[in-house]
Amino acid sequence: MSNSYNNDQITNKEREGNKDDNDDNIINIENNFEKKSMKKILYNNKNSSDNINSRSTKQRQFVFRAKPNWTLLSQGAEARLWKIPNYLPCGKSAIAKERFPKSYRHPVLDQRLTKSRSKAEAKALERARKGGVYVPDVHAIQFPVLYLEYLDGPTVRQQLEEVHQNYINKKRDCQLDENIENKEFILETLAKQIGSMIAKLHHNCRTVHGDLTTSNMILMPSSESEEKHSNSQNKRIYMIDFGLARVSTNIEEMAVDLYVLERALQSTHPELEGTSFFSNILKAYHEEEPSINKDIASTNKKKICSKDAVLNRLNAVRLRGRKRECFG
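Just so you know, these numbers come straight off a predicted model, no measurement behind them.

Basis of the calculations
Residues numbered from 1 in each chain as written. Predicted model: local features only at pLDDT ≥ 70, side-chain atom pairs only at ≥ 80, totals over all residues. Heavy atoms only, no water. Pairing = 2+ DSSP bridges. Helix = DSSP H or I, 4+ residues; strand = E, 2+ residues; numbered from the N terminus. Axes fitted to C-alpha atoms, helices over the stretch in contact; angles between N-to-C directions. Expected span 1.5 Å × (residues − 1). Buried < 20%, exposed > 50% of the residue type's maximum accessible area, 1.4 Å probe, protein only. Core = buried A, V, L, I, M, F, W, Y, C linked by side-chain atoms within 4.5 Å. Contact = heavy atoms within 4.5 Å. 1 Å grid on protein atoms, 1.4 Å probe; cavity = no way out; pocket = protein on both sides within 12 Å on 5 of 7 lines; lining within 4 Å. Points joined across faces, edges and corners; volume = space filled by probe spheres on them. Nonpolar A, V, L, I, M, F, W, Y, C, P; charged D, E, K, R; others polar. Parallel < 35°, antiparallel > 145°, perpendicular 65-115°, else oblique. Left-handed = near helix turned anticlockwise from the far one by under 90°. Phe/Tyr/Trp six-rings, centres within 6.5 Å; stacked < 30°, edge-to-face > 60°.

**Here's the deal with the sheet that holds strand E4 (residues 138–142)**
No. 1: On the basis of which strands lie adjacent, the open sheet formed by 5 strands has the order E1-E2-E3-E5-E4 and antiparallel pairing. Edge positions in the open sheet fall to strand E1 (71–75) and E4, since each of these has one partner strand only. Adjacent strand axes in the sheet meet at a mean angle of 20° when their direction is disregarded.

Next comes the structure, spelled out in structure tokens:
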């Protein structure tokens, strides 16, 4: 009886010992598996980072370099403008808009943003052209460079400053009567053209410019025969710099677009204060008859807002702007 009991105890201890050994083996296997899986994860992460770096270096192989005969016209926060002589076979010049890389951004992200913004600007220019707005032609796109038509004309800002300077000179020479009539005619003509152009952009193209200033409007002769006559008043206004443009039918965004222009006129052209220049712009904006392009209407089927609603919202935007000036 005792022998059988002892034998049962021994077999139970052996079973428990074998069970502990099995548990230790299972734990060792799990630990080994975790170590192998961690090594695999680290190896994959290393490979993925290497792939990202190699991909970014491959994508950034194209480095834009301006040629010695190119002329730097201007540089802003986002891009440089280069004048390329004899770009077209006919001998005409072109503009290279170079979006330079930002060192504070990741190279891959920077390249994606540059590519998407260049593509969006080219689309906005084409959309504006279809809507009847005068804009420069897009010759080619080679990221990060956009090749555009070169417009050899003064900006509206330069024209307004020239008109004001001529007025001062004539006033000094006591020739006011003729000069006042000429100044009023020029200002009224420019205001009508600007208002009509913005109305076409908003309601025909369903596009908001985002940076409406007199520096982003260029005066060009309406025909080749008028290029010799620099004093001719029959000129077209071309709109440039669509880097911040976006498709929108929002009343608020259109009103803010007009408000940006109003503030730009107040800060850049203080001599226009007390004149009816901006009110003439709004009048021409309101009177412009919309004509929706079929291609634009098919891509954006939202109902366009009325001009009265935009002008009413402009008053509300003005009030918000004044409150911000008063109270910070």
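**As for helix H2 (residues 107–130)**
No. 1: Compared with the 34 Å implied by 1.5 Å per residue over 24 residues, the 35 Å span of H2 between its first and last C-alpha is a close match.
No. 2: Of all the residues in H2, the buried ones are Val 108, Asp 110, Thr 114, Ser 118, Glu 121, Ala 122, Ala 124, Leu 125, Arg 127 and Ala 128.
No. 3: Just downstream of H2 lies Gly 132, where phi reads positive at about 95°.

**Structural notes on the nonpolar core**
No. 1: Within the largest apolar cluster, 47 residues are counted, with the highest numbers of intra-cluster contacts made by Ile 194, Phe 242, Leu 261 and Phe 277.
No. 2: Counting residues per element, this core draws most heavily on helix H4 (residues 176–204), which supplies 9 residues.
No. 3: Sequence-distant contacts of Phe 277, defined by excluding residues within four places in its chain, comprise Leu 160, Leu 187, Leu 190, Ala 191, Ile 194, Leu 265 and Leu 272.
No. 4: Core analysis: the second largest hydrophobic core is formed by 7 residues, Ile 84, Ala 96, Val 145 and Tyr 147 among them.

**Side note on the layout of surface pockets**
No. 1: Considering only enclosed or pocket space, the largest pocket measures out at about 760 Å³ in volume.
No. 2: Counting residues per element, the ones that place at least two in the lining of the largest pocket are E1, strand E3 (94–98), H2 and strand E5 (145–149).
No. 3: Taken together, the residues that form the lining of the largest pocket break down as 14 nonpolar, 7 polar and 8 charged.

**Some points on the packing of helix H5 (residues 251–268) against helix H6 (residues 277–287)**
No. 1: Orientation of H5 relative to H6, taken along the N-to-C sense of each, is 160°, at an axis distance of 11 Å. As far as their axial angle goes, H6 and H5 are roughly antiparallel. With respect to the hand of their crossing, H5 and H6 are arranged in right-handed fashion. Where H5 abuts H6, its residues Leu 258, Leu 261, Glu 262 and Leu 265 lie against Phe 277, Phe 278, Ile 281, Leu 282 and Tyr 285.
No. 2: Tallied by class, residues from the contact of H5 with H6 come to 8 nonpolar, no polar and 1 charged.

**Topic: the environment of Ile 237**
No. 1: If you trace the backbone, Ile 237 turns up in strand E8 (residues 235–239).
No. 2: As a C-alpha pair, Ile 237 and Met 220 span 17 residues in sequence and 6.4 Å in three-dimensional space.
No. 3: In this structure, Ile 237 is in contact with Tyr 134, Val 156, Leu 190, Gln 193, Ile 194, Met 197, Met 217, Ile 218 and Leu 219, ignoring residues within four places of it in sequence.

**Topic: the packing of aromatic side chains**
No. 1: A complete count under the given rule lists 3 aromatic pairs for this structure.
No. 2: Centroid distance Tyr 87 to Tyr 147: 5.6 Å. Interplanar angle 10°. Geometry classified as stacked. You can see Tyr 87 sitting in the loop between strand E2 (80–84) and E3 and its partner Tyr 147 sitting in strand E5, a full 60 residues away along the chain.
No. 3: A relative accessible area of 9% means that Tyr 147 is categorised as buried.

**Details of empty space enclosed by the protein**
No. 1: Evaluated as defined, the whole model comprises 2 cavities of 30 Å³ or more.
No. 2: In this structure, the largest cavity encloses a volume near 40 Å³.
No. 3: In this structure, the largest cavity is lined by Glu 78, Arg 99, Phe 100, Lys 102, Arg 105, Leu 113, Thr 114 and Arg 117.
No. 4: Counted by class, the lining of the largest cavity contains 2 nonpolar, 1 polar and 5 charged residues.
No. 5: Of the voids in this model, the second largest cavity is the one considered here, and its volume is about 40 Å³.
No. 6: Secondary-structure elements contributing two or more residues to the lining of the second largest cavity are helix H3 (156–172) and H4.
No. 7: The leading source of residues in the lining of the second largest cavity is H3, at 3 residues.
No. 8: Among the residues forming the lining of the second largest cavity, the class breakdown is 4 nonpolar, 1 polar and 2 charged.

Such coordinate-based values are descriptive only and should not be taken to indicate function.
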